Amino acid sequence: MPDNVHSQSLPPARTDIVRDARIGAGTRLLALPRPRLWALWGIVLAAAVVVLGITVADVPGISTDELGVDQNLSQHHVALLTGLAMALNLLFGPVAGVLLIAVVALFLLLVRRSPVNAVAFGLVAVSGWAASEFFKVLVARQRPDSTLLFDPLAPENGADSFPSGHVTFAVTLAFAVYFLARGTRWAKPAAVAGVVVVAVVAWSRLYIGVHYPSDVVGSVLAGTAAVLLLSGCWNWLAPRVWQRVPVNAVTRPFLP
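This one's a predicted model, so the numbers in the text were calculated from it and none came from an experiment. (Residues numbered from 1 in each chain as written. Predicted model: local features only at pLDDT ≥ 70, side-chain atom pairs only at ≥ 80, totals over all residues. Heavy atoms only, no water.)

K.L.:
Can you lay out the pattern of salt bridges for me, pointing to particular residues and giving the numbers?
P.N.:
Within this structure, the stated rule accounts for 5 salt bridges. The partner of D215 in a salt bridge is R141, and the shortest N-O contact between them spans 2.8 Å. Taken together, the residues D215 in helix 9 (residues 213-243) and R141 in the loop between helix 6 (115-139) and helix 7 (165-181) connect sequence positions 74 residues apart. A single burial state applies to D215 and to R141, both of which are buried. The residue R143 makes a salt bridge to E156 at a minimum N-O spacing of 3.2 Å. One end of the pair, R143, is in the loop between helix 6 and helix 7; the other, E156, is in the loop between helix 6 and helix 7, with 13 residues separating them in the sequence. Residue classification places E156 among the partly exposed positions, given a relative accessible area of 26%. (Salt bridge = Lys/Arg side-chain N within 4 Å of Asp/Glu carboxyl O. Helix = DSSP H or I, 4+ residues; strand = E, 2+ residues; numbered from the N terminus. Buried < 20%, exposed > 50% of the residue type's maximum accessible area, 1.4 Å probe, protein only.)

Here it is as structure tokens:
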């Protein structure tokens, strides 16, 4: 078998950990980075999201105060920033986001012949949407009233303001890209770019006027919690599944 993970059996007591030295570029994401107490940290962050969301949704006056940020930005729209914000609104939306994930995953699978990386990348990136939808239903915060904005760019209504799906997706996509670059000379640029992208997407949601500041803060926490919990589960399950993938005429074209 051409892949090191297949050619070497894992030690019985360490099957949930695959060290970088034992995997190649084609299986880089077989072991995702995570803290030792990943489950605890993930649960704590998820709990923080719930507490924050319920607080800002139910305590009188908080949404009114936060709306002032959106109103101030709405009074200072300029063409260049508006174009950037609307482009991000489309790029990090569900349709374009799914297409982006699919393109990268198919490239990893068909061109780089890295099925492990393709699946891991897709799962990490999409985990943001799953997390945001879960917390949206749980918190049910009303979106900012677009009629109170000076220049509403993309009016949205409904009890799905907290957290922002766009920002949560940006967070998990940034993690997914960094995981791909980890261990290469692109790791630091990927990390910096990820932070910048998340910050800019968060700004764009306030600039457009479809979220409150606390929505985007909750999104960062929700996306990070999703990645922590997914990474821990993936590191336990993925090596076991990968060892059992048969090498035959069907799987051979997709293996490194």
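K.L.:
Give me unusual backbone geometry: which residues, what numbers.
P.N.:
Residue F162 is joined to P163 through a cis peptide bond whose omega torsion reads -10 degrees. Of note, P163 is situated in the loop between helix 6 and helix 7. The phi dihedral of R113 is positive, around 50 degrees, even though this residue is not glycine. Relative to the helices and strands, R113 resides in the loop between helix 5 (94-111) and helix 6.

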